[in-house]
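# Fold and geometry: a report
Take a look at the letters that make up each chain.
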Amino acid sequence: MDWTMTLKDDFGVIAWTRTWRAGNYLSFFLLVFLFSIPVQSDIVFPKDHHFSWKTGQWGQCIGEECGSGGVQTRTVWCVHMEGWTTQHSHCQQMDKPESRRHCFKVCEWHQDLFEWEVSDWGSCVLVPFFSNELKLRTAVCVTAQHGIQRRRVHCVRTSNRTTVTLRICEFFSQKPSVEQACLIPCPQDCVVSDFTSWSSCSKTCGVGLEHRTRHVLATPMYGGANCPNLTETRTCSSPVECPAGEGEYQYSLKVGSWSECRLPHHKDALLSGRTTVDFSSSSTENNTVTLHTLATHHHSHRHHHHHAHNKHPMSWELEVGYQTRQVRCTRSDGKNVMLSLCTKDISPLTFQACVMPKDCQTSHWSSWSSCSKTCRSTDLSPGYRLRTRTMTQIPVGGGKRCPALEEKEACNIIGDLLPNCPSYVWRTTDWGECRILPLLSHQDQRQANISILCGGGIQTRKTYCVQVPDDSTTHHRKEVSRPVNARLCAGEEPPSAVQHCSIPCQQHCLLSEWSAWGPCLHDNCKEPQGKKGFRQRRREVLWESSGSVETCPHLVESIPCEDPACYVWQVQHEGTCIPTKSSCGPGTAIQNVTCVSIEGAFVPITHCVDDPPPTEVSCEVACPADCVVGPWSSWSPCSHSCATKTAEGRQSRTRIVLAIPGKDGKECPAPPALEEWRVCNDHPCTVFYWEVLPWGPCIEDTSMDLNGTSFSNGTPNCAVGVQIRKVNCIKTNAGPVISKRCSDSSRPESVRPCFLPCKKDCIVTPFSEWTACPSTCMPENATAATQSRYRTIIQRSANGGQECPDTLFEERECESLPVCPVYRWRTHKWHACTVVPDSVRRGLSGPGEACGNGLETRGVSCVGESSESANMTACLRWAGSLPSQIRECRLPCKDDCTLTAWSKFSECTGCGSSRSRKRSLTGRSKKKEHCLNVELYPLEETEACPCDEFLSQPYGNWSACILPDRSVPGSMQGWTSHREVKECGQGLRYRAVACVNRQARLVDSMLCTESGYMVEICHIPCPLDCKLSEWSAWSACSASCGSGLKIRSKWLREKAFNGGRPCPKLDLKNQAQVYEAVPCHSECSQYEWRTEPWSICTINTVDDLPACGEGVQSRKIRCVKKGTTSGDASSVEDSLCDQEEMPSRAQVCFLACPSDCVVAPWGAWSVCPLCDQGTARNRSRHVLRLPASENSACPDLVQSEPCVLNSTCFTYMYRVSDWSTCQLSENAICGQGSRLRLLDCVRSDGKIVALQKCEQFGQISNWRLSERCVVDCPVSCILSDWSPWAECSHTCGSQDAQVRTRRILQEAHEEGRPCPSQLTQTKPCPIKPCYTWLLSDWSSCTVEGAECGEGFRRRNLSCVVHWGDWPESPPQPVAEEFCGDKLKQQIQQEMEQPCFVPCPGDCHLTEWSSWSSCQLTCLEGRSFETTGRQARSRAVIIQVMENQSTCPRQVFETQPCKEGKCHSYQWRTGGWSNNERAVWCQRSDGVNVTGGCFPQKRPTTVRHCHPPCSKPFSHCTPSGVCGCEKGYTEVMTTHGFLDYCTRTPGVDNNKKADVKTNSGRLKPGPSQAQDLFSEWPLRPVGPDGRVKLWVYAVTAVGFILILFIIALSFLVCKPYKTSKASPPPQKPLTLAYDGDIDM
């Protein structure tokens, strides 16, 4: 590739015609600028003067009118040769150029008639610097050298493009420049390899020649040095003398090349006596050809046509001609001699019949195909387009081979005007329904009730690929696009096809205990009606899992009652009893009467309908002698919770006598009056409540208008509707009753507004494009091809929307394709055998008889199906192999051997046998000696019998076990199928079968098996999931008192196998850690003490004293179960109740005597403010009867005691239990759940008490007792469907396999079944034999009928079969019909090459060397071209020195190549030896070469000392200075040169004579000691060989220092006595590294 540079105008504008990348070298531009020459201006140099004229450009043509009357001017100035301008007088006036001329003024319309036509710039040609001849390069070329490039410029008519004189166009515009400066790379010298080793001697006796050669690695370019001689020749001699009798010369029959094939001339018959024969050869002698570039050489024939013919021939006929060659006898010294010296009695072959050559002919080019690149893509690669032409004439007889029948060119290279290429993105359908079943194990799936499953699940969707327009970003995701092949989206990760979802479960509600029954109330206190009312009790929702309250059970129960009252009078006793008359006796007490609501709020008294109680009530203050009775106790618990027909609830209260009456005092009431009973819980046991059924669906209600309310997530709603549910009044344990039986005020709502779900129409994609139909014609009887298309459902219809179409997959037959045309070859009769005509034979040496070998031909035509004639091109395309049109034949000669025809082949006896046929000699041939040669004339032929037995043998490994494909046809078009893909069970595995014949050649496997496979049933073991036991029983509550957890668990039964669901985490005992914990509450005691009233105080009286004073009273206590009413309570063992809290069964009582002060029982203790030391609590009582005597005092009315923690004072706090495990609905497997914990109130002594205690003492509970939680779903691995089996990528052979793949849509999670490892399956393809044409290597050069001269090397095509893994399995030959048309294959190859066999003594060329490595033109290690060059060469071999004058020139050639490398060259040197060294040039890849390195930088090979070493015993050292021989020391002058050599002291005198004797011949180097000292900066020995004085001084000082060290050591090491009191000697510190890293 030329690197050219253009210099334009006078501004030095530089334009490179080859694009350079960033990082160009500034030196390039500087060089160009420095050497640029203005090319537009003309300089006229006088012969012997320093001044010259210089002219500028001609200006515009100026004139008043168009035409030839214009005037043109230019500037003329005088310049010095150094470039400066001076006055015109310095230049010779007679040479002054004209500054004005007439011109043709151009009108606008003139310019349309003529224009300049310029050709492209030619290649850049090297020009020498400032002289006409190349000088020797004295400096390294750094970047480039000057060149020049030219182009042709014509003035042409625009109408017909004919050339006219340049002057016409010059009138209009200046002539474009025809030359321009350019740069070409630096010169590259020829580079050749090292020489080979010497050849063997050309003669085994006497004197001969031997040679060695080298080859060209890089050809000279850009003015580089030419290649040196590639051959070196030298004489060689053998110690063996040649025998005296052996002839001096060798004789060889040498033939020239065959002439062109020609037809006999008509004039041959008219010439009398002799025929003129043209012996000229069509090709010049190879010996004179010198090639510098690779060119393809063909014989050019007279019948050659470059251009295609429009005319398509209907038949092909061949002509037979003749060709001749020269024959001569050459002597080994290269001279021609008499032919008889070579031929003896045998005539050489100088003529032969041949086929007249016909060149290949082709049709016109077809029109260009459309460009493969139709849109603008990101890779910026250009497209291409094709055009083809067909062969209309097959080349015959060495005619010109066919040109390329297909042409390819780039198109739409820039692509800016093209539309953008479509982009492809993934789209998805809507998510399918939420499914829980896949989360279950296979065992659980069989047992599960699918309809009630809820909780976490998975849902799937389909992904599909669509083409989107450029502005796809503005489109909504739901944009419906036509689905395309998923491979177009392969670059992007597809969106997820699986996601988690959940189905809401029936909610769980945590409820409080029922409250106590409330009072009898009207159903509506605002509008009280009738005498019937309801008593209600309630409970609250403590926590619910999710959803609304209506999913919880009923929260209100009611019972009918009579005399309801919404408001009641509340009486509060205020003040004490005030006697009316005296200090004791009857009196009155005032009480406060208010009207309150049931909630305790004060309301106006008008709300209370009953008569108000009196504000004053009568009372009595006991007099001193009166009996005193205590206040009533609290009412006892009611004996029954409700009233039945047989039982009703009763409760009682009592009071006791505190003081007995005195004389005349008021008596005590009778014992029955001390107890009171009343009916309680008299309501019936029948309880009523409202039951609600689930809300119905949302239905239309046009009467409601919610003003476009929208959902909380912002999606607009379609319409407002209503939801209705049924509400029933339920009687407990009975069923529904009429609504009046339930409280209407607590009736839940039965109608509520709702939003109607929007209608969703089914959305489907448009149909995909129809699959492609075959584009070629169909063979006869072939089944009709079909094409299909599909579409995908994106969104299912819902809520009454438009239903989905039924048809998602369509298939149709392709439009009727044309049936492939039927053509066949029709062969004509063979013509008579044609030999070389007599007229030619008579003019040549050789047999004159018209007999011998010849050729016979036949015509071939093309016919159609109905035997009508057709173009030959049709048969070339459709009719198969072309029948042969020529064959060899022989016209028998007189001396020929005659034989009978071959007999029929003998019968075959079976496979493996052979058959034969025979013939025999006839007539005189039986007696001719040469006819009896069986090798030349075989009389029997044997061949193997045809055999149709085949042997099948398994090949390769078994495929994996492939399960049957259960996919439904067309399933890919529907909604995502939810079928479980079975990964186990019975399948099939395949193994390829190779079918071979008895010769072990591969044949079609269908000859052995129907499918080409061995098929075997196989089984894939099904995965076994981990199996756990059932739940164990619940454990006891973890807290024996209060709130805790109870646990149940599962344990491991079977581990997972074959990729089943894995087990949960195992504990140390290899048991699965699966457990469930729920809150529990253990009553601290399920039993309580229940007491009966105290008995009457019994006083032991003596005599008749009044029964007063201290006494004893008792009561019954019993242990009963908590929560039972008194009526149902039955006693249990006392040990079940807390013994510490057992009440006393007896106590001391006091019955006041008649005159004593009587006080009421103690009231309750006040509450301790704090349980701190120093605080106290109090209780009080009041006087019921004053003492009779004023001197008698009443007891204390107030009592106090200190507050002691855990004795008289307690604190209370909340405590929570541990969290339970995440609780799910019983029908859920995973998903949203809740976990719970319980709250206890703990007294400071650790006892758990009722929660109300903590509330009473002001404790606030901030504990969260429930929270949401999530149980991860055990999602099994989800895979895509298997892709269809890929087509076999090879059409034949045994190395191919079909592949199908699938991908993971969802990885396994938690205890889900893991993904199988097999995501790819392969199945062998049927083994088919590979038939191919095998092109043999070129044969050696053979010369027919002679020992040397022009010959041919040939190669042939053979049909072979192989297994597709060639060269592992060697190909085996088979019949040619398996490989197709041999002739078509042959015309695409070069099957024959002319060659030359040198005769003994010929000077000749070697064979071509192998191509060198690919090399680029580089600059500083970088190349700016992609195509490199490689070279090869032929060297000259001289066999006899006398023949040197006939030697050809050595030749080389280059060819372009790819993947070249940059090479650099540098000089390498060896080590010095006797002041000489080897120097060679080495390429950067390590190859030693000649050429390439810059000669001026070659290192020297011989080293000289300056001045020469002329002193005795001196010689030139390797460092280039004079030194002395061994045993002598140099004595230097003040200038550093050798003055003389003196003998070194201490050298053995016996060797002196040897030194003198050898000094003339051998020059030993200096001694080792001398060399050692010579390297020291301070030399101990002087130039005269004597030891210097300072050496003695240093030696003396060293000796004294050694004596001092010895004396000091003696004193230090002298032994001495150690004192007893001295400390023990310490262990010396040793710094020995023991491997510790701290060192």
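Scroll up for the structure.
Read on for an overview of the structure. (Residues numbered from 1 in each chain as written. Predicted model: local features only at pLDDT ≥ 70, side-chain atom pairs only at ≥ 80, totals over all residues. Heavy atoms only, no water.)

## Some remarks on the sheet that holds strand 101 (residues 1488-1490)
The strands making up a sheet associate through backbone hydrogen bonding, with each pair oriented either parallel or antiparallel. Within the open sheet, the 5 strands sit side by side as 17-15-101-100-99. Their pairing is antiparallel. Only two strands of the sheet have a single neighbouring strand rather than two, namely strand 17 (216-218) and strand 99 (1465-1469). Pairwise comparison of adjacent strand axes, ignoring direction, gives a mean angle of 50° for this sheet. Pairing geometry for strand 15 (residues 191-193) and strand 17, over 2 bridges, is antiparallel. Bridged to valine 192 within strand 17 is valine 216. (Pairing = 2+ DSSP bridges. Helix = DSSP H or I, 4+ residues; strand = E, 2+ residues; numbered from the N terminus. Axes fitted to C-alpha atoms, helices over the stretch in contact; angles between N-to-C directions.)

## Some remarks on the packing of aromatic side chains
Scanning all chains against the criterion turns up 7 aromatic pairs. A ring pair is formed by tryptophan 316 and tryptophan 825, whose centres lie 6.2 Å apart and whose planes are at 35°; its orientation type is tilted. Linking tryptophan 316 in strand 20 (residues 315-316) with tryptophan 825 in strand 56 (residues 824-827), this pair joins segments that are 509 residues apart in sequence. Here the two residues tryptophan 316 and tryptophan 825 agree in accessibility, since each one is buried. Look at tyrosine 990 and tyrosine 1013: their rings are 5.4 Å apart centre to centre, the planes differ by 65°, and that puts the pair in the edge-to-face class. (Phe/Tyr/Trp six-rings, centres within 6.5 Å; stacked < 30°, edge-to-face > 60°. Buried < 20%, exposed > 50% of the residue type's maximum accessible area, 1.4 Å probe, protein only.)

## Some thoughts on the state of the cysteines
Under the definition given, this model contains 60 disulfides. The disulfide bridge from cysteine 329 ends at cysteine 342, spanning 1.7 Å between sulfur atoms. Its S-S torsion of approximately 70° makes the covalent link between cysteine 329 and cysteine 342 right-handed. With cysteine 329 in strand 22 (residues 327-331) and cysteine 342 in helix 3 (residues 340-343), the pair connects residues that are 13 residues apart, well separated along the chain. Under the relative-accessibility criterion, cysteine 329 is labelled buried at 1%. There is a disulfide in this structure between cysteine 638 and cysteine 680, and the S-S distance comes to 1.8 Å. As the torsion about the S-S bond is roughly 95°, the cysteine 638-cysteine 680 disulfide counts as right-handed. Placement of the pair is cysteine 638 in the loop between strand 42 (628-629) and strand 43 (649-654) and cysteine 680 in strand 45 (residues 675-680), with a sequence separation of 42 residues. (Disulfide = S-S within 2.5 Å.)

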